[in-house]
Amino acid sequence: MSRIKWKWISLVIGCVFLIMAPLFLSAYWVRVLTSVFMFAVMAESWNILAGFCGYPSFGNAVFFGLGAYTTCILMVKLHQPFLVGVIAGAILCTIYAIVLGFPILRLKGHYFAIATLGLAEATKELVTNLEKITKGSEGISLPIIPGDVKVIYAAFYFAMFGIMIVTILFTYWMSKRRLGYAFQAIRADEEAALVTGINAAWYKTIAWSASAFFTGLVGGVYAYWTAFINPEGVFNVGITVKMLLMTFLGGPGTVFGPIVGAFIFEFLSELVWSHFVNVHAAFLGVLIVLVVIFMPGGVMKLMRGKLSLSKMLANIKENRI
Amino acid sequence: MVILQNIVNGLLLGGLYAGVALGFSLVWGVMNVINLAHGAFIMIGAYVTFWIYYFFKIDPFITIPFSMAFTFLLGYLVQKYIINLVVRAQVFMVFILTFGIEIFLMNLSNLICTADFRSVTPSYSGAGINLGGILVPYIRLAICFIALFLTYLLNLFLNKTKTGNAIKATSLDKEAAQLVGVHIGKIYTITFALSAAVAGAAGSLIAIIVAISPYMGGVYTFKAALIACLGGLGSIPGVIAGGLVVGMAETMGSQFISPGYKEFIGFVLLVFILIFRPEGIMGKKFFAVIKH
Amino acid sequence: MEIVLRGENVSKSFGGLAALSDVTFQIAKGEIVGLIGPNGAGKTTLVNVITGVYPASKGKVRFKEEDITHAKPYQIGRMGVARTFQIVKSFSGMTVKENVLIGALFGKSGMKRTTKEALKKVEEVLEFIGLEKKKDFPVEETTIPDRKRLELAKALAMEPDLLFLDEVMAGLRPKEMEDVMGLIKELNRNGITILLIEHVMKAIMGISDRVIVLHEGRLIAGGTPEEISKDEKVIKAYLGSRYAKSREESAHA
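Computed from a predicted model, the values in this text were never measured in an experiment.

Draft legend 1. Structural context of the overall build of chain B. Helices and strands together make up the secondary structure of chain B, namely eleven helices and two strands. Counting from the amino terminus, helix and strand elements in chain B follow one another as α-α-α-α-β-β-α-α-α-α-α-α-α. For chain B, whose C-alpha radius of gyration is 18 Å, the value lies close to the compact-globule estimate of 19 Å for 292 residues. Taking the principal axes of its C-alpha atoms as reference, chain B extends roughly 60 × 45 × 35 Å. The 292 residues of chain B split such that 53% are buried. For chain B, contacts bridging at least 24 residues in sequence account for 79% of all contacts bridging at least 6.

Written out as structure tokens, the structure reads:
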């Protein structure tokens, strides 16, 4: 009982700290945290389809890109306000997921993964080619927001923070109800789930749409935050890699795993980046390899039992040839 | 006339693509590993060729054995000391592992070689045979021939040597192969090393006609996946058929639809195949069973 | 007599292989019907076709007079048809309780229940089956006999009118078998119609009202357990024509 209590207490303390943070942290750290929140949302929403439902999408960056581009196009070409752009982007992503879910969600395991990878590449190509609307590989610039830089950064900080809280709440709510159980049953054994009365196609679509929605939201906010986007930047497979890695680091199929993973990863990144600038990206790869070999259940699973070296080595013993 | 030229181009490209996909299909068929790092080995082979050409001015075709040796060794080490540690885990975990290896190799290469595009341009670059109005560049012809020759060699190896037969046996039934004394771990290592070697060769060939960069691998991995699925996993004739189809589709698509939609066409094709005929063109059943 | 399940000329081919040919049968409400046949006869295939896992190549299946031939598995599950699998399909990554919860949340009345109500149903089922003490065990930590019980519990939580049991007796000791037989009889008394696929003759003959026999995809006999055990066609199918012939000869001798 006390363990759970500690969990909630530390959560509340953490939230309070994060809400007060812009007051005393430097602009640099505010930016870092904003980025952490953004990736936390993407990891958490990736986790809904991949961790809970068992369908690992390797192309979720496509929603980030679509959200970003929709926001930009609506703001620049159609002179819509920011909020309209962001919401429209998220809705577009949801529809994209629903429509493409029809063919793609029928595939299983890594076939699904490959297809989503292809989807991201194909969409990136499409967006690049529709030059008249998207300005192609040149990218789109958004007007810089006038005003005090500190206040603006704080605004985006809270925007991302807010979206992160909503995503966490949604995931938590979902995990305790029929929806969450349906997802988990599908991941465990889709055929058994079907005969037990679960309409897998329907639930998988919901999972992917939810992850599309949240990812699209932060994509839109990101666009306005950085004021410039281009296809290579926002449809980047590296974004999907990060979502994946953070989820695995923290623990797939758990509510807080991806969040924990996002924080750990970004802070590790900052540490490494500031000292070994060039090594940064290769380090990602090494980290993925290490996580898969030693702790495929992520940090959350490790925390459930006792942290031990022998546990990590046991994984290798089980899985080696 | 234009059509004929395109068909020829498509076929020549297809031969190369068969070489690109060969190792990938083999590894998937034998070990049920979808090697996302495949493109990285292609990239490494390309760079080996580039650097040898750059420093020693040796004809790029001659560098192929060197790049193959290098990637063979690298593949051997990767399989033995990394992938073999997790290969019995869920297929998806191994998938992510190879993803991590790809990221690492790509970025390491970026560190060492920098992100500038490099080219290998031998003196005979533009020349070719003229067959009644259709231009067949020497280079493309040689590349296609070499790729198909390597495919033939691999096929010979698989069918006529003891190790090759052991590999085939492993792909058909791992447990049965073990029962007759096949050491699965060693077979996996050899298979992956061979796959990497062929990928390296493909990379060398690619370096001769295309500008290379550390991040070029991803596109080829996807193409390899597409061809492997099209042709049926682990099936060498399937890889050739798949390669030709993709080569043709790309060339025709570029000419008659638009050059900018190559990935799109590939993607649509892939989804189609996976949904409607996952056994591929050749219709062989998957050796690989998808276990979650 | 209400007919709960009707199969009309059900046929299923996989490529060139005819797994089922013109299987016609009916099951009345409240019956316990045994389905027997040599290995490869098509017993599990028949259940797979009925529950929608495979589409039938030809013929019709009716559940309570409603045509379910083209219905999807989840629809059939929600209509009140539940099944167990020969090789148990437990939901890994969840506890015993959560496994049964899935059945309670998605079965016949499942979609109308709240999670709380479903959990009450889960408690009932776990007590009936005898797994309440292990309800918070992760399913990976349960024994095989427990998993077989769990398989049954999941099906029961769906509140089925019709229950298919696929070789539930396999690997059980005589005492365990008797317990399961008692369980099945009690379920039947509570109103569930049951189709039992079995190889263990003692179980089939002990509790079935009727037995139907599949051989090479065709229904070759149907009747009371007594009648079936003496049926020449059945003996021939199980033991081969030479044995059947020698029995004939010794009978006429």
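Draft legend 2. Summary view of the interface of chain C and chain A. Each side of the interface is counted separately: chain C has 23 residues, and chain A has 16 residues. Element by element, the count of residues in the side of chain C that touches chain A is highest for helix α3 (residues 96–106) of chain C, at six residues. The class makeup of the residues in the side of chain C that touches chain A is ten nonpolar, eight polar and five charged.

Draft legend 3. Representation of the interface of chain B and chain A within the structure. Contacts between chain B and chain A engage 40 residues on the former and 40 residues on the latter. Those elements that place two or more of their residues in the side of chain B that touches chain A are α4 (91–113), α8 (184–209), α9 (217–231) and α11 (262–276) of chain B. The residue inventory of the side of chain B that touches chain A, partitioned by class, reads 30 nonpolar, eight polar and two charged.

Draft legend 4. How the structure looks around the packing of helix α2 (residues 38–56) of chain B against α8(B). All names here are of chain B. The geometry of α2 relative to α8 is characterised by a closest axis approach of 6 Å and an angle of 55° between their N-to-C directions. On the basis of their axis angle, the class for α2 and α8 is oblique. As for how α2 packs across α8, the hand of that crossing is right-handed. Contacts between α2 and α8 involve H38, F41, I42, M43, I44, G45, A46, V48, T49 and F50 from the former and A196, A199, G200, A201, A202, G203, S204, I206 and A207 from the latter.

Draft legend 5. Inspection of the environment of C:K135 at higher detail. Along the chain, the position of C:K135 falls in the loop between α4 (115–129) and α5 (144–157). Leave out the neighbours within four places in its chain, and C:K135 touches C:T95, C:V96, C:K97 and C:L126.

Draft legend 6. Spotlight on the pairing of strand β1 (residues 3–14) of chain C. Alignment of β1(C) against strand β2 (residues 17–28) of chain C, held across eight bridges, turns out to be antiparallel. For C:F14, the partnering residue across the bridge sits in β2(C) and is C:L17.

Draft legend 7. How the structure looks around the packing of α2(B) against α9(B). Residues and elements named next belong to chain B. As a packed pair, α2 and α9 sit with axes 7 Å apart at the nearest point and diverge in direction by 125°. Comparing their axes, α9 and α2 come out oblique. Of the two elements, α2 crosses α9, and the hand of that crossing is right-handed. Two secondary-structure elements touch here, α2 through H38, G39, A40, I42 and M43 and α9 through G217, G218, Y220, T221 and A224. Along the lines of polarity and charge, the residues of the contact of α2 with α9 split into five nonpolar, five polar and no charged.

Draft legend 8. Layout of the sheet that holds strand β7 (residues 162–166) of chain C. All names here are of chain C. Judged by pairing direction, the sheet is mixed, and its six strands sit side by side in the order β6-β7-β8-β3-β9-β10 without closing on themselves. Two strands bound the open sheet, and with one partner strand each, they are β6 (81–83) and β10 (218–223). Between one strand and the next, the sheet's axes are offset by a mean angle of 20°, whatever the strand orientation. As judged from the four bridges shared by strand β3 (residues 32–36) and strand β9 (residues 210–215), these two strands associate in the parallel manner.

Draft legend 9. Fine view of the arrangement of the chains. Where two pairs of chains are in contact, the pair with the most contacts is made of chains A and B. Across the gap from chain B to chain C, with no contact made, the nearest C-alpha atoms are 11 Å apart.

Draft legend 10. Spatial organisation of the sheet that holds strand β5 (residues 66–67) of chain C. Residue and element names in this part refer to chain C. Taken in spatial order, the four strands line up as β2-β1-β4-β5 in an open sheet, and their pairing is antiparallel. Each of the sheet's edge strands pairs with one partner strand only, and the pair in question is β2 and β5. The pairing of β1 with strand β4 (residues 58–63) spans five bridges and is antiparallel. Bridging from a neighbouring strand, E8 pairs with K60 of β4. Set on the sheet, helix α1 (residues 43–50) makes contact with β1, β2 and β4; between it and β2 the angle comes to about 70°.

Draft legend 11. Molecular detail of the environment of C:M205. Residues and elements named next belong to chain C. Inspection of the secondary structure assignment puts M205 in helix α7 (residues 201–207). A tally of 17 C-beta atoms within 10 Å means that M205 is categorised as partly exposed. Residues M205 and E140 lie 65 residues apart in sequence; the distance between their C-alpha atoms is 34 Å. The contacts of M205, once residues within four sequence positions are left out, are P225 and S229.

Draft legend 12. Local environment of the pairing of β9(C). All names here are of chain C. Pairing geometry for β9 and β10, over five bridges, is antiparallel. The residue of β10 that forms the bridge with V211 is G223. The hairpin formed by β9 and β10 contains two residues between the paired strands, and E216 there has a positive phi angle of roughly 50°.

Draft legend 13. Focus on helix α2 (residues 27–52) of chain A. Residue and element names in this part refer to chain A. Taking 1.5 Å per residue as the helical rise, α2 with its 26 residues ought to reach 38 Å, and the 36 Å between its terminal C-alpha atoms agrees with that figure. When the local axis directions of α2 are compared, the greatest deviation, roughly 35°, occurs at W46. When you tally the buried positions in α2, you get 19 out of 26 residues, the bulk of the element. Once α2 finishes, G54 follows within two positions and takes phi at roughly 85°, a positive value.

Draft legend 14. Region of interest: helix α5 (residues 109–129) of chain A. Its 21 residues give α5(A) an end-to-end C-alpha distance of 30 Å, which sits within 8% of 30 Å, the value for a rise of 1.5 Å per residue. In terms of burial, α5(A) is largely enclosed, as 17 of its 21 residues are buried.

Analysis parameters
Residues numbered from 1 in each chain as written. Chains lettered and ligands numbered in written order. Predicted model: local features only at pLDDT ≥ 70, side-chain atom pairs only at ≥ 80, totals over all residues. Helix = DSSP H or I, 4+ residues; strand = E, 2+ residues; numbered from the N terminus. Rg over C-alpha atoms; globule rule 2.2 N^0.38 Å. Buried ≥ 20, exposed ≤ 12 C-beta atoms within 10 Å, placed from the backbone. Contact = placed C-beta atoms within 7 Å. Nonpolar A, V, L, I, M, F, W, Y, C, P; charged D, E, K, R; others polar. Axes fitted to C-alpha atoms, helices over the stretch in contact; angles between N-to-C directions. Parallel < 35°, antiparallel > 145°, perpendicular 65-115°, else oblique. Left-handed = near helix turned anticlockwise from the far one by under 90°. Pairing = 2+ DSSP bridges. Expected span 1.5 Å × (residues − 1). Bend = angle between axes of the 7 residues up to and from the residue.

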